[in-house]
Amino acid sequence: MDWEDYRTFLAVARGGSFSAAARILSLDHTTIGRRIAALETALDLRLVDRLPRAVRLTAEGEKLAALGSNVEEAFFSVMRAASGAVSDLSGPVCISAPPSFVASVLAPTMPELSQRHPGLVVTLLGQTAAADLGQREADVALRLSRPEQAGLVARKLANLGFAFYAAGDYAHPETKWDFIGYDSDSAAIPQQRWLEARLAGRAIVLRTNDVASQASVAASGLGVALLPHFVGDRLSGLRRMASGDIPPSRELWMVVHADLRRRIRAVMDFLVDVLGKLSAPGNAA
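Here's what I pulled together on the structure shown here. Treat the numbers as computed from the prediction; the structure is a model and nothing was measured.

Rules and cut-offs
Residues numbered from 1 in each chain as written. Predicted model: local features only at pLDDT ≥ 70, side-chain atom pairs only at ≥ 80, totals over all residues. Heavy atoms only, no water. Buried < 20%, exposed > 50% of the residue type's maximum accessible area, 1.4 Å probe, protein only. Helix = DSSP H or I, 4+ residues; strand = E, 2+ residues; numbered from the N terminus. Contact = heavy atoms within 4.5 Å. Pairing = 2+ DSSP bridges. Right-handed = clockwise from strand over helix to strand, strands pointing away. Core = buried A, V, L, I, M, F, W, Y, C linked by side-chain atoms within 4.5 Å. Polar contact = N/O pair within 3.5 Å; in protein donor to acceptor, adjacent residues only side chain to side chain. Axes fitted to C-alpha atoms, helices over the stretch in contact; angles between N-to-C directions. Parallel < 35°, antiparallel > 145°, perpendicular 65-115°, else oblique. Phe/Tyr/Trp six-rings, centres within 6.5 Å; stacked < 30°, edge-to-face > 60°. Expected span 1.5 Å × (residues − 1). Bend = angle between axes of the 7 residues up to and from the residue. Lys, Arg positive; Asp, Glu negative; His and termini not counted. Salt bridge = Lys/Arg side-chain N within 4 Å of Asp/Glu carboxyl O. Patch = residues over 30% accessible without salt bridge, like charges linked within 9 Å, V, L, I, M, F, W, Y side chains within 5 Å. Areas by Shrake-Rupley, 256 points an atom, 1.4 Å probe, with all protein chains shown as cover.

Here we look at helix 2 (residues 18-25)
Residues lying three or four places apart along an α-helix face the same way, a consequence of the helix completing one turn every 3.6 residues.
So, point 1. Every buried residue of helix 2 is accounted for by Phe-18, Ala-20, Ala-21, Ala-22 and Leu-25.
So, point 2. Looking at the buried side of helix 2, the elements it contacts are helix 1 (3-15), helix 3 (29-43), strand 1 (48-50) and strand 2 (55-57).

Digging into the pairing of strand 9 (residues 204-208)
So, point 1. Bridge count for strand 8 (residues 179-182) against strand 9 is four bridges, and the pairing is parallel. By the bridge assignment for strand 9, Ile-180 is matched with Leu-206.
So, point 2. Since strand 8 and strand 9 lie parallel, the crossover through helix 6 (residues 190-196) that links them has a hand, and here it is right-handed.

Some words on the nonpolar core
So, point 1. Ranked by internal contacts, the top residues of the largest apolar core, which has 40 residues, are Phe-101, Leu-106, Leu-142, Leu-271 and Leu-275.
So, point 2. Here this core gets seven residues from one element, more than from any other, and that element is helix 9 (residues 265-275).
So, point 3. Listed in part, the 17 residues of the second largest apolar core include Leu-10, Val-12, Ala-22 and Ala-65.

Quick look at the side chain of Arg-202
So, point 1. Its location among the elements puts Arg-202 in the loop between helix 6 and strand 9.
So, point 2. A distance of 2.7 Å separates the side chain of Arg-202 from the backbone oxygen of Glu-174, its partner in a polar contact.
So, point 3. Dropping the residues within four chain positions of it, Arg-202 is found in contact with Glu-174, Thr-175, Trp-177 and Phe-179.

A short note on the packing of helix 2 against helix 3
So, point 1. Remark: helix 2 packs on helix 3, axes separated minimally by 9 Å, with the N-to-C direction vectors making an angle of 105 degrees. The angle between the axes of helix 2 and helix 3 places the two elements in the roughly perpendicular class. For the pair helix 2 and helix 3, the contacting residues are Phe-18, Ser-19, Ala-21, Ala-22 and Leu-25 in the first and His-29, Ile-32, Gly-33 and Ile-36 in the second.

Overview of the packing of aromatic side chains
So, point 1. Under the definition given, this model contains seven aromatic pairs.
So, point 2. Pairing Phe-101 with Phe-230 gives two aromatic rings, centres 5.0 Å apart and planes at 80 degrees, and the pair type is edge-to-face. Remark: Phe-230 occurs in helix 8 (residues 229-232) and Phe-101 occurs in helix 5 (residues 99-116); sequence separation between them is 129 residues. The same class applies to Phe-101 and to Phe-230, which are both buried.

A closer look at helix 5
So, point 1. In this model helix 5 runs 24 Å from its N-terminal to its C-terminal C-alpha over 18 residues, within 8% of the 26 Å that 1.5 Å per residue would give.
So, point 2. Of all the bends in helix 5, the greatest reaches close to 45 degrees and is centred on Leu-106; the proline Pro-108 follows between one and four positions later.

Comments concerning the side chain of Asp-5
So, point 1. If you trace the backbone, Asp-5 turns up in helix 1.
So, point 2. No salt bridge forms around the buried Asp-5; measuring N to O, its nearest opposite-charge neighbour Arg-35 is 4.4 Å away.
So, point 3. Filtering out sequence-adjacent residues up to four positions away, Asp-5 remains in contact with Arg-35, Ala-38 and Leu-39.

Focus: the sheet that holds strand 7 (residues 162-167)
So, point 1. Strand order in this open sheet of five strands is 9-8-10-7-11, and the pairing throughout is mixed. The open sheet is flanked by strand 9 and strand 11 (238-241), the only strands paired with a single partner. Averaged over all pairs of adjacent strands, the angle between their axes in this sheet comes to 45 degrees, without regard to strand direction.
So, point 2. Against the sheet, helix 7 (residues 211-220) makes contact with strand 7, strand 8, strand 9, strand 10 (224-228) and strand 11, and its axis sits at roughly 135 degrees relative to strand 10, the strand it touches most.

Description of a nonpolar patch on the surface
So, point 1. A surface patch of nonpolar side chains, about 270 Å² in accessible area, is lined by Met-1, Leu-43 and Leu-45.
So, point 2. By the secondary structure assignment, Leu-43 is in helix 3.

A look at the sheet that holds strand 6 (residues 152-160)
So, point 1. Pairing is mixed across the open sheet formed by five strands, whose spatial order is 4-3-5-12-6. Only two strands of the sheet have a single neighbouring strand rather than two, namely strand 4 (120-126) and strand 6. Across the sheet, the mean angle separating the axes of adjacent strands is 20 degrees when strand polarity is ignored.
So, point 2. Sheet topology note: the strand 6/strand 12 (residues 250-257) ladder contains eight bridges and is antiparallel. From the neighbouring strand, Asn-159 faces strand 12, where its bridge partner is Glu-251.

Okay, here's the thing in structure tokens:
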């Protein structure tokens, strides 16, 4: 049995289709199908039933997929341990963060990181979902809530301030503001819950799941958006709106896997330096 064939099977089991596995492993659909067929031939077992838009594991496939989670974690533990033993400051480092944070904050700091450590090859991933550090989806993750997963090392970097923003010529009094907010799928986001509780009959005229879109629409003059300072203060055409309500801040956490701390210490130190300055006045980290 070839390990890569088995790892491909685990990705299919996790993703539910050849297409999902192809995205997970950055392979094409044909390669996924060929590896599954090779594994079935090597084991002399049918592992998946191929459906028009998905796959369904056979009973034998379910058993092998359940056994594989421990095998895969052991493999990644070996990889993390080997990576952690490398002390020189060269090679790839992947940083995951919310898309708006990547675009507004992290991307502009990359020249400075490159100047400090020219041997690093950085990948920035803008992700709304939390990257799985145990599966090596990222080396460092920046999150807006404290992680609870075991095996991770977390450090709070800042308290991110929020304010109301609108176009420079938006002249309505606060009692007449029209709001731009998140859609229903994002209703659990803390700042959206806070906003909904204080609407007092005022309208949300546009909803979106994306901070950058909210900022752009606010700059067009349609209404007022509740934005993090790192977005609202950096977009020309927007200004902070005075309000009797002070929005709560959000915590910014840096997360790494315990096995990788030595390898990425330089990147962690850099992020502490540049992101610690983001804390809102009166909300020091």
